[in-house]
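Here are the chains, one letter per residue:
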Amino acid sequence: FVAHQTQIMRTTSTGAWLCRAARQPLRRHASVRYLAIKSGQWIENIDYETKFVHAGVSPEPVTGAILTPIYQSTTYVQDSVAEYLAKGYSYARTNNPTVTTLEKKIAELESGYGASCFGTGMAATISAISGTMKAGDHCVITNCSYGGTNRACRTMFSDMGMSFSFVDFTDLATIEAAIQPNTKVIFSETPANPTLTLTDLTAVSALAKSKGLIHICDSTFATPVIQRPIELGVDLVIQSTTKYYDGHNITVGGAVIAATAEFHERIKHMQNVHGNIMSPQNAFYTLQTTKTLALRVAKQCENAQKVAEFLESHPKVDVVRYPGLESFPQRELALRQHKNNLHGGMLWFEVKGGTEAGRALMDSIQRPWSLCENLGALESICTCPAVMTHANMLAEDRLKVGITDGFVRLSCGIESAGDLIMSLKQSLDALP
């Protein structure tokens, strides 16, 4: 408004501004229409990439801190008995504000109704199975999964009266043939650890729904950057946040993302009774690392593609598998199911000369590769699954799905692809 350098006042009857000298309404400035927009409000229809930074997060209401605080508290004071849980929190085993913020972020990124965060990836898997099965129930599960998942089903859950059929999930007819009258769950993992075999999530989800079954998918290798299984009909998605969500080798954690309120309540109940909720400190770290998830995964996919192409061209490499290669057996499904032609940071290969040569390569690999467990981190990692990640599988089961003692699993980080290739070349060239 323009006041013409005179005192102005508001009338009590209309609220219109008047000039005390002229007693005439002041001219409205042309920019007044912008007063409807306020700092701190969100624009409409933000892009998916923006959600990695901001989804689920709001400035702390007391101080305006841009980062969600670490609420390191066991208990929460109530205003009265009648208002118990009015603020949503009572005891740290059940809910924690820092963890809740991460759960909201992950649920939004994964296109889910809600998410539950756990102390480890295995805690997430255990809770997903516990929340959907009981004694006497049967599950059709992939014959190639993370070793800890395989062991839990073979030992702990089987001891509790549940049964499991481990079958090839690259073939829909095989999955359907394994369904029994007491089947309750179909459990997929895609891309599979460590063989990278893919499951057609749309087809398997349709099969599960036609039979009244629950479809659980471990999508750790893909991340929501590459595929969002709930959008393809999956009921529950498992993420080991230790891997790509963290991406910095800092934490261990897991999440189960539910497609519906009913499934979400089941998993939250398991989280509460098992007491395996993620710690607020780890939730805080993961809130920060998730902001760069899309950027990191894009670079890791780029590096994995270059490394895979190099390995495929080297004369001492017997076989290499990466969904981005034209030679990948399920190339059509990879192109159809994976978003933006991104196929992950994981690949595997075997060298000519068998187990002895494969072990020799792993024992000679130079930095920037690190010989260790874990995957999805900024640092590139070389792993021997037969000894490390999948040692708890039965040897015959490992060999059946192609995990030999000389099987080399690579997790590509964000270093120079040229440096990663140079290290591999030196080790390969040194083989007899």
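Structure's up top.
The following refers to the structure shown. (Residues numbered from 1 in each chain as written. Predicted model: local features only at pLDDT ≥ 70, side-chain atom pairs only at ≥ 80, totals over all residues. Heavy atoms only, no water.)

With that settled, the discussion passes to helix α8 (residues 261–274). Spanning 14 residues, α8 covers 20 Å between terminal C-alpha atoms, matching the ideal 20 Å at 1.5 Å per step. Those residues of α8 not exposed but buried are Phe263, His264, Ile267, Lys268, Met270 and Gln271. Down the axis, α8 shows its buried residues gathered within 155° of arc, on one side only. Turned more than 90 degrees from where α8 packs its buried face, Glu262 and Glu265 sit exposed. If you follow the buried residues of α8, they end up packed against α2 (97–109), β3 (114–118), α3 (121–130), β7 (214–218), β8 (236–239) and β9 (254–258). With its phi angle positive at about 65°, Gly275 sits one or two positions after the end of α8. (Helix = DSSP H or I, 4+ residues; strand = E, 2+ residues; numbered from the N terminus. Expected span 1.5 Å × (residues − 1). Buried < 20%, exposed > 50% of the residue type's maximum accessible area, 1.4 Å probe, protein only. Arc of directions from axis to C-beta. Contact = heavy atoms within 4.5 Å.)

Across the interface, α2 lies against helix α9 (residues 280–289) with an axial gap of 8 Å and an inter-helix angle of 40°. Classified by the angle their axes make, α2 and α9 are oblique. Pair α2 / α9 crosses with left-handed handedness. Of the residues in α9, those touching α2 at Thr98, Val99, Thr101, Leu102 and Lys105 are Pro280, Ala283, Phe284, Thr286 and Leu287. Of the residues contributing to the contact of α2 with α9, the split by class is six nonpolar, three polar and one charged. (Axes fitted to C-alpha atoms, helices over the stretch in contact; angles between N-to-C directions. Parallel < 35°, antiparallel > 145°, perpendicular 65-115°, else oblique. Left-handed = near helix turned anticlockwise from the far one by under 90°. Nonpolar A, V, L, I, M, F, W, Y, C, P; charged D, E, K, R; others polar.)

For the rest of this paragraph, the subject is the environment of Arg336. Mapped onto the secondary structure, Arg336 falls in helix α11 (residues 331–337). Between the C-alpha atom of Arg336 and that of Asp200, which follows or precedes it by 136 residues, the distance is 9.3 Å. A distance of 3.3 Å separates the side chain of Arg336 from the side chain of Asp200, its partner in a polar contact. (Polar contact = N/O pair within 3.5 Å; in protein donor to acceptor, adjacent residues only side chain to side chain.)

Summed over the entire model, instances satisfying the criterion amount to 16 salt bridges. Lys211 is paired through a salt bridge with Glu176; the nearest N and O atoms lie 3.7 Å apart. One end of the pair, Lys211, is in the loop between α6 (201–210) and β7; the other, Glu176, is in helix α5 (residues 172–177), and 35 residues separate them in sequence. Note that Glu262 and Arg266 form a salt bridge whose closest N and O atoms lie 3.3 Å from each other. Within this pair, Glu262 and its partner Arg266 are both found in helix α8, separated by four residues, close to a single helical turn. Classification of Arg266 by relative accessible area gives partly exposed; the value is 28%. (Salt bridge = Lys/Arg side-chain N within 4 Å of Asp/Glu carboxyl O.)

Mapped onto the secondary structure, Gly406 falls in the loop between α13 (395–400) and β14 (408–411). For the pair Gly406 and Arg359, spaced 47 residues apart in the sequence, the C-alpha separation amounts to 5.7 Å. Residue contacts for Gly406: discarding those within four places in its chain leaves Phe349, Glu350, Thr355, Gly358 and Met362.

Let's shift gears to unusual backbone geometry. Cis geometry is found at the peptide bond from Thr190 to Pro191, where omega equals -10°. If you trace the backbone, Pro191 turns up in the loop between β6 (183–189) and α6. A cis amide bond links Arg367 with the next residue in sequence, Pro368, at an omega value of 20°. With respect to the helices and strands, Pro368 occurs in the loop between α12 (354–364) and β12 (370–371). Residue Leu196 is not a glycine yet carries a positive backbone phi of 70°. Tracing the backbone shows Leu196 in the loop between β6 and α6. The buried category is assigned to Leu196, whose relative accessible area is 2%. Despite not being glycine, Asn341 has its phi angle at roughly 55°, a positive value. Mapped onto the secondary structure, Asn341 falls in the loop between α11 and β11 (346–351). With a relative accessible area of 52%, Asn341 lands in the exposed category.

Time to look at the nonpolar core. The biggest cluster of nonpolar side chains holds 71 residues, and the ones touching the most others in it are Leu311, Leu347, Phe349, Leu410, Leu424 and Leu428. Among the elements that line this core, the one with the most residues is helix α10 (residues 293–313), at eight residues. If sequence neighbours within four positions are ignored, Leu424 has contacts with Val307, Phe310, Leu311, Phe349, Ile365, Trp369 and Leu410. Of all hydrophobic cores here, the second largest spans 24 residues; its members include Val185, Val256, Phe263 and Ile267. (Core = buried A, V, L, I, M, F, W, Y, C linked by side-chain atoms within 4.5 Å.)

To continue, consider the packing of aromatic side chains. Following the criterion strictly, the structure yields six aromatic pairs and no others. Residues Trp348 and Phe407 carry aromatic rings whose centres are separated by 4.4 Å and whose planes lie at 20° to one another, so their mutual orientation is stacked. Placement of the pair is Trp348 in strand β11 and Phe407 in the loop between α13 and β14, with a sequence separation of 59 residues. In this structure Trp348 comes out as buried when scored by relative accessible area, which is 10%. Phe407 sits in the buried class, given a relative accessible area of 0%. Clustering of aromatic rings is evident, with ring pairs tying together Phe157, Phe164 and Phe166. Its end group placed over the ring of Tyr48, Arg228 keeps NZ or CZ at 4.0 Å from the ring centre. (Phe/Tyr/Trp six-rings, centres within 6.5 Å; stacked < 30°, edge-to-face > 60°. Lys NZ or Arg CZ within 6 Å of the ring centre and 35° of its normal.)

Any functional reading would require information that these geometric values do not contain.
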